[in-house]
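Here's the letter readout for the chains.
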Amino acid sequence: MRKAWGLIFLLPLASALYALWSQGPTTRWAEPVQASPSALQEVYARAHPAVLRIDGPEGGRGTGFFYAPGLVLTAYHVVAEGGPFTLVLANRSRAEARLLGFAEPLDLAVLATEAKAPALLSLETNRRLQVGEALLHIGNGRGQFIAPRFGRVTRLEVSPSAFLPQGLVETSLPLSPGDSGGPLLDAEGKVVGVAVAIGQTEEGFRSFFTPLHGRGGVLAALEGGERTYWPYLGLRGPRALTPELARELGLPPGGVLVGEVVPGGAAHRAGLRGTESGGVPDVILEVEGTPVNTFEDLLREVRKRQVGDRVRLSVRRGSEVFQVEALLGPFPGR
């Protein structure tokens, strides 16, 4: 078993930190002959005018970039908390932007702006990446403005956590909070992905991005205003019912303790009881017949579905075990 990963979304003053376990053999990679740092420096010189910083009401949120006139691509979690959004362009001028479309399960979002783009980056949606391939990232981490970072692809199609998009690309790029939403560019200067997370692994520090390969249709839908959410039960603070916690509450161990039920969410509409009820919260034992024993188990099963799907939950309330059906929706309030 590999050692725990610590993962963090690339937001300034990061909003979430997740530790997890990943099983399976370690994939090693060899240093290939690829684009030299000088070649990627030339890519940076051409590309960086298209990159920008995204500010919210509280200050810097992350990074984005122009890829078409009036359109900026970024990571959804950079803009998920709402606007207004201000773009700080490469020449330090400022412009307003609005959220056009997003795909929360991919952590991608498109902003629309009246600002004139200093440059445009081309998107690579047709070519599949190779392990060992050299990459450039441009972003706003470490308090630097549209700065370059260099690294290589270390693994493809990784899904390190149920909290993150699945099918990410892992790299050795030394990214940091503030780099979220920045472009990953290949030796040809084309954008192959959008930065979303960083983490410490057994092999060392790694960063992760959502690849654009095969996602031309997704981007077209976002430009048309499509908004796709993860499905949620609407719970805050669910946690594993460990043997120690079970003894404290006088319950059999196993399952996921509900925590707080968010008003208006799927769990609330299904009649689940949480800490707000004043008694012992309900315990979720199964989702569609699959046992769940950690919050991540629960999240993974729920995220196999879509908003609007109904899921059958097996629930323990005290000594009683019963079935309920929940209609999944976006997180309440979004």
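This text goes with the structure placed above it.
Keep in mind that this is a model prediction, so the values were computed, not measured.

Peer 1: Mind laying out the environment of Gly 56, listing which residues take part and the relevant values?
Peer 2: Of note, Gly 56 is situated in strand β3 (residues 51-56). For Gly 56, a relative accessible area of 14% translates into the label buried. When the C-alpha atoms of Gly 56 and Glu 81 are compared, they prove to be 8.9 Å apart, with 25 residues separating the residues in sequence. Other than its neighbours up to four places away in sequence, Gly 56 contacts Arg 61 and Pro 84.

Peer 1: Tell me about the packing of aromatic side chains, residues and numbers included.
Peer 2: In the structure shown here, the tally under the stated rule is 4 aromatic pairs. Here the aromatic residues Tyr 76, Phe 102 and Tyr 229 are joined through ring pairs into a cluster of three or more. The cationic tip of Arg 92 hangs over the ring face of Phe 145; the distance from NZ or CZ to the ring centre is 3.9 Å. Lying over the aromatic face of Trp 230, Arg 303 brings its terminal NZ or CZ to 4.1 Å of the ring centre.

Peer 1: Could you give an account of unusual backbone geometry, with specific residues and numbers?
Peer 2: Cis peptide bonds are those with omega within 30 degrees of zero, and the linkage from Gly 83 to Pro 84 qualifies with 5°. By secondary structure assignment, the location of Pro 84 is in the loop between α2 (76-79) and β6 (85-88). If you check the backbone angles, Arg 92 has positive phi at about 75° while not being a glycine. Along the chain, the position of Arg 92 falls in the loop between β6 and β7 (94-103). With a phi angle near 35°, Ile 146 is a residue other than glycine that sits in the positive phi range. Relative to the assigned elements, Ile 146 resides in the loop between β9 (134-139) and β10 (147-158).

Peer 1: Outline the pairing of strand β8 (residues 108-113), listing residues and values.
Peer 2: The element β8 is extensively covered by neighbouring structure, given that 6 of its 6 residues are classed as buried. Residues Leu 108, Val 110 and Ala 112 point to one face of β8 and Ala 109, Leu 111 and Thr 113 to the other, with burial holding for every one of them. Pairing of strand β5 (residues 71-74) with β8 involves 4 bridges; the strand directions are antiparallel. Its bridge partner being in β8, Leu 73 is matched across the sheet by Val 110. Looking at chain direction, β7 and β8 are connected through 6 bridges and run antiparallel. Bridging from a neighbouring strand, Arg 98 pairs with Ala 112 of β8.

Criteria and cut-off values
- Residues numbered from 1 in each chain as written.
- Predicted model: local features only at pLDDT ≥ 70, side-chain atom pairs only at ≥ 80, totals over all residues.
- Heavy atoms only, no water.
- Helix = DSSP H or I, 4+ residues; strand = E, 2+ residues; numbered from the N terminus.
- Buried < 20%, exposed > 50% of the residue type's maximum accessible area, 1.4 Å probe, protein only.
- Contact = heavy atoms within 4.5 Å.
- Phe/Tyr/Trp six-rings, centres within 6.5 Å; stacked < 30°, edge-to-face > 60°.
- Lys NZ or Arg CZ within 6 Å of the ring centre and 35° of its normal.
- Pairing = 2+ DSSP bridges.

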